[in-house]
Amino acid sequence: MKKIEAIIRKTKFEEVKDALLKADIEWFSYYDVRGIGKSREARIYRGVMYDTSSIERILISIVVRDKNVEKTVQAIMKAAQTGEIGDGRIFIIPIEDAIRIRTGERGDIALYNAEQER
């Protein structure tokens, strides 16, 4: 199992969500996050200084079986890519174990119902 974390543009979230659903990734978490990019400049507008180095993004967090890693990454990349600086990053992290609290099932079967074998 792997955990995939993707930091993407807020404007691309709906496209990424649709791409994940088409790739049969039906469950994931997402969070509004802020980060610091390469651009660290302040802008002054009507006498008020604004810091533009803080960038708003979406962090998507998904745990998938090993066999679904590549199709998940490809779905995110195709939907989130604009070709410009700031498209984001994808991180793939190994997961040691997963446990379904309701039934006590362990391993990758805890990610999906048995009748939904993928």
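No experiment lies behind these values; they were computed from the predicted model shown. (Residues numbered from 1 in each chain as written. Predicted model: local features only at pLDDT ≥ 70, side-chain atom pairs only at ≥ 80, totals over all residues. Heavy atoms only, no water.)

**Student:** If you had to explain the overall build of the protein chain to someone new, which residues and values would you point to?
**Tutor:** Each helix and strand counted, the protein chain has two helices and six strands in total. Walking the protein chain from its N terminus toward its C terminus, one meets helices and strands in the order β-α-β-β-β-β-α-β. Considering only contacts in the protein chain between residues 6 or more positions apart, those separated by 24 or more positions represent 70%. (Helix = DSSP H or I, 4+ residues; strand = E, 2+ residues; numbered from the N terminus. Contact = heavy atoms within 4.5 Å.)

**Student:** Quick rundown of the pairing of strand E5 (residues 54-64)? Include the residues and the values.
**Tutor:** The pairing of strand E1 (residues 2-9) with E5 spans eight bridges and is antiparallel. Among the inter-strand pairings, Arg9 is bridged to a residue of E5, identified as Arg57. Relative to E5, strand E2 (residues 29-36) runs antiparallel, the two being bridged by eight bridges. Note that in E5 the partner of Arg34 across the bridge is Glu56. (Pairing = 2+ DSSP bridges.)

**Student:** Help me get a handle on the environment of Thr11, residues and values and all.
**Tutor:** Position of Thr11 relative to the elements: it lies in the loop between E1 and helix H1 (13-22). Residue Thr11 is classed as exposed on the basis of its relative accessible area of 69%. Once the C-alpha coordinates of Thr11 and Arg57 are considered, the two residues, 46 residues apart in sequence, prove to be 8.7 Å apart. (Buried < 20%, exposed > 50% of the residue type's maximum accessible area, 1.4 Å probe, protein only.)

**Student:** Can you tell me about the pattern of salt bridges, naming the residues and giving the values?
**Tutor:** According to the stated counting rule, one finds eleven salt bridges in the structure shown. The partner of Arg9 in a salt bridge is Asp87, and the shortest N-O contact between them spans 3.0 Å. Taken together, the residues span a long stretch of sequence, with Arg9 in strand E1 and Asp87 in the loop between helix H2 (69-80) and strand E6 (88-94) at a distance of 78 residues. When sorted by exposure, Arg9 lands in the same class as Asp87, which is buried. A salt bridge links Arg100 to Glu105; the nearest nitrogen and oxygen atoms lie 2.8 Å apart. For Arg100, a relative accessible area of 14% gives the class buried. Glu105 gets classed as partly exposed once you look at its relative accessible area, which sits at 29%. (Salt bridge = Lys/Arg side-chain N within 4 Å of Asp/Glu carboxyl O.)

**Student:** Quick rundown of H2? Include the residues and the values.
**Tutor:** For H2, built from twelve residues, the straight-helix expectation of 16 Å at 1.5 Å per residue is met to within 8% by its first-to-last C-alpha distance of 16 Å. Those residues of H2 that fall on the buried side of the exposure criterion are Val69, Thr72, Val73, Ala75, Ile76, Ala79 and Ala80. In a view along the axis of H2, the buried residues occupy a sector of 160°, so they form one face of it. (Expected span 1.5 Å × (residues − 1). Arc of directions from axis to C-beta.)

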